[in-house]
2 protein chains.
Amino acid sequence: MASKSKMDGSIGAKNKQKILVAAEKAFATYGFKGTSVQQIADEAELPKTNILYYFKSKQGLYVAMLQDIMSLWNSRFDQVTEDDDPAESLADYIADKMTMSRTHPQASKIFAMEVLNGAPYLNKFFSNEHVAWMEGRVAILNSWIAQGRMTAVDPLYLLFHIWACTQHYADFSAQITSLRGKTMKRADFDEATRQLVQLILSGCGLTVPEKYAESAK
Amino acid sequence: MASKSKMDGSIGAKNKQKILVAAEKAFATYGFKGTSVQQIADEAELPKTNILYYFKSKQGLYVAMLQDIMSLWNSRFDQVTEDDDPAESLADYIADKMTMSRTHPQASKIFAMEVLNGAPYLNKFFSNEHVAWMEGRVAILNSWIAQGRMTAVDPLYLLFHIWACTQHYADFSAQITSLRGKTMKRADFDEATRQLVQLILSGCGLTVPEKYAESAK
DNA sequence: CAAAAAAATGACTAAGTGGTCAGGAAATTG
DNA sequence: CAATTTCCTGACCACTTAGTCATTTTTTTG
């Protein structure tokens, strides 16, 4: 019927997806070197040769999975303009990133490992889209500062610190769980988000929006 | 002469140290699985078999190196009491941790990898010394809050956020370098430290001590 | 200086790895 | 329904790896 989709391999597409999910789980747990194609195959419940049929090599699969992951790195903050409210925009951004850490910890860990390793497969992305994104956001933050709507902090470092804190909850969950004696549940993430929003916004001379203020209890 | 040191193998001790240094460099760059004993041997300029002679296995060497690294995790903040000044104590702690990221990035990366991996070799440390340390620090922060000397933030999350931001400069240096277009020099670290101290302290309702205030421009 | 202990090392092994390939099964298409 | 393309897979290979072992060299010690 749909003449358009010709034959993009409905079977192939489904298997590729299955493999990508398995790869994400395995790579997040054992790293690139620590993961064997066989492990991914077991996780995906497919024979090893089948993995190599869809993805030409282990590295090819890894790169495909990385691209998949990078597409998650979008948020409402991408569309914010200098006319928006600094406090609400930043608070929402922090909350979005915290949600990512809660719902996609594996993706965060893989990203972290990749950067720790010198980001060999992300350098192109970093020096293109990412730099452009950064420049746009920095300009807006500087505009807010020039308008006297927030304290004069360096926007670059501010963004670094927001990333550091939000990703920390995914990447260092093992340490956090050990120190708390229990895993972070949804309610704990909400509390951490409030704490972080308060810290960052106060640090920028902003008032915490109603919805991120102290909750029940 | 010194009858005490009997024969703790002055040669052995020196070689062990050499191997540990080489191992730190290799493991930080390629991870545990990604590093071969041969690479460490090359780096240490010793035959591979010699590595296995001093450390019974690759894993044994890794654990020994981890212990070495964990001993670096001390700072002036360990001795702070509830009578000390919150602003100065916290600012100094942040500065200490930033210095660690600048001078020992490899140690930070290895620690990060280990925790990312679920901290298999650190769980014992986490649930003993580390928890005790944490409780002590939390008590002091709570005391400062009770004394009305700082805003009522949750000390646990505050410490998480300090770690996250400071370690970020070592662990994510690849990303930071890409986005800045140049590596972080000593002066950049100093600026980042001032920015972070300002952010955190303001976020806690504290006044930034003189020595961390805006510097020459 | 001889005996004992510590240090060094080349040759080897057993296990695991990513990847190839040829041949066959299933699905799609004209 | 035949032909073509896509999909699937067992057998296999070249290579790397951690770790062993027997032997030799160096250092320490009585």
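See the structure shown above.
Residues numbered from 1 in each chain as written. Chains lettered and ligands numbered in written order. Predicted model: local features only at pLDDT ≥ 70, side-chain atom pairs only at ≥ 80, totals over all residues. Heavy atoms only, no water.

1. So, the protein's contact with DNA strand D
And step 1. With respect to spatial proximity, 19 residues lie near DNA strand D, and among them Pro47, Thr49 and Tyr54 of chain A together with Lys48 and Lys58 of chain B are the closest.
And step 2. Of all DNA strand D atoms lying within 4 Å of any protein atom, the proportion belonging to sugar or phosphate reaches 57%.
And step 3. Contact between DNA strand D and asparagine 50 of chain A: a phosphate oxygen at 3.5 Å from a side-chain N or O atom of the residue.
And step 4. Between a phosphate oxygen of DNA strand D and a side-chain N or O atom of tyrosine 54 of chain A, the distance comes to 2.5 Å.
And step 5. At the level of secondary structure, the elements contributing two or more residues to the surface near DNA strand D comprise helix H1 (10–34) and helix H3 (48–54) of chain A together with helix H3 (48–54) of chain B.
And step 6. Sorting elements by how many residues they give to the surface near DNA strand D places H3 of chain A first, with 4 residues.
And step 7. Taken together, the residues of the surface near DNA strand D sort by class into 7 nonpolar, 9 polar and 3 charged. (Near = heavy atom within 4 Å. Polar contact = N/O pair within 3.5 Å; in protein donor to acceptor, adjacent residues only side chain to side chain. Helix = DSSP H or I, 4+ residues; strand = E, 2+ residues; numbered from the N terminus. Nonpolar A, V, L, I, M, F, W, Y, C, P; charged D, E, K, R; others polar.)

2. Brief notes about the packing of aromatic side chains
And step 1. Tallying each qualifying case throughout the model produces 36 aromatic pairs over all chains.
And step 2. Geometrically, the ring pair formed by phenylalanine 125 of chain A and phenylalanine 126 of chain A is tilted, given 6.0 Å between the ring centres and 50° between the ring planes.
And step 3. Ring geometry for tyrosine 93 of chain B versus tryptophan 133 of chain B: centroids 6.4 Å apart, planes at 45°, classification tilted. On the criterion of sequence distance, the pair formed by tyrosine 93 of chain B in helix H5 (residues 86–103) and tryptophan 133 of chain B in helix H7 (residues 123–146) is long-range, its members being 40 residues apart.
And step 4. Note on tyrosine 93 of chain B: relative accessible area 4%, which makes it buried.
And step 5. The rings of Phe77, Tyr93, Trp133, Tyr157, Phe160 and Trp163 of chain A together with Tyr169 and Phe189 of chain B are connected pair by pair, giving a single aromatic cluster.
And step 6. If you follow lysine 16 of chain B out to its NZ or CZ, it ends over the ring of phenylalanine 55 of chain B, 5.9 Å from the centre.
And step 7. Just above the ring of phenylalanine 77 of chain B sits the side chain of arginine 137 of chain B; from NZ or CZ to the centre is 6.0 Å. (Phe/Tyr/Trp six-rings, centres within 6.5 Å; stacked < 30°, edge-to-face > 60°. Buried < 20%, exposed > 50% of the residue type's maximum accessible area, 1.4 Å probe, protein only. Lys NZ or Arg CZ within 6 Å of the ring centre and 35° of its normal.)

3. Description of the protein's contact with DNA strand C
And step 1. In the vicinity of DNA strand C there are 17 residues, among which Lys48 and Lys58 of chain A together with Pro47, Thr49 and Tyr54 of chain B approach most closely.
And step 2. Backbone atoms, meaning sugar and phosphate, form 59% of the atoms of DNA strand C found within 4 Å of the protein.
And step 3. The side chain of asparagine 50 of chain B places a nitrogen or oxygen atom 3.3 Å from a phosphate oxygen of DNA strand C.
And step 4. Side-chain polar atom of tyrosine 54 of chain B to a phosphate oxygen of DNA strand C: 2.5 Å apart, as the coordinates give it.
And step 5. Among the elements of the structure, H3 of chain A together with helix H1 (10–34) and H3 of chain B are those that each provide at least two residues to the surface near DNA strand C.

4. Quick notes on the pattern of salt bridges
And step 1. Enumeration according to the criterion identifies 16 salt bridges over all chains in this entry.
And step 2. The salt bridge partner of glutamate 191 of chain B is arginine 194 of chain B, with a shortest N-O separation of 2.8 Å. On the criterion of helical spacing, the pair formed by glutamate 191 of chain B and arginine 194 of chain B is a turn pair, its members being 3 residues apart in helix H10 (residues 186–203).
And step 3. Here glutamate 191 of chain B falls in the partly exposed class, since its relative accessible area comes to 26%.
And step 4. Take arginine 194 of chain B: its relative accessible area is 19%, and that puts it in the buried class.
And step 5. One connected set of salt bridges, linked through shared partners, spans Arg76, Glu88, Asp92, Asp96 and Lys211 of chain A. (Salt bridge = Lys/Arg side-chain N within 4 Å of Asp/Glu carboxyl O.)

5. Regarding unusual backbone geometry
Residue and element names in this part refer to chain A.
And step 1. We note that glutamate 45 has phi near 55°; this positive angle belongs to a residue other than glycine.
And step 2. Topologically, glutamate 45 is positioned in the loop between helix H2 (37–44) and H3.
And step 3. Non-glycine residue alanine 119 carries a positive phi angle of around 55°.
And step 4. Relative to the elements of secondary structure, alanine 119 occurs in the loop between helix H6 (105–116) and helix H7 (123–146).
And step 5. Among the residues examined, alanine 119 registers a relative accessible area of 0% and is labelled buried.

Everything listed here is a matter of geometry and, on its own, says nothing about what the molecule does.
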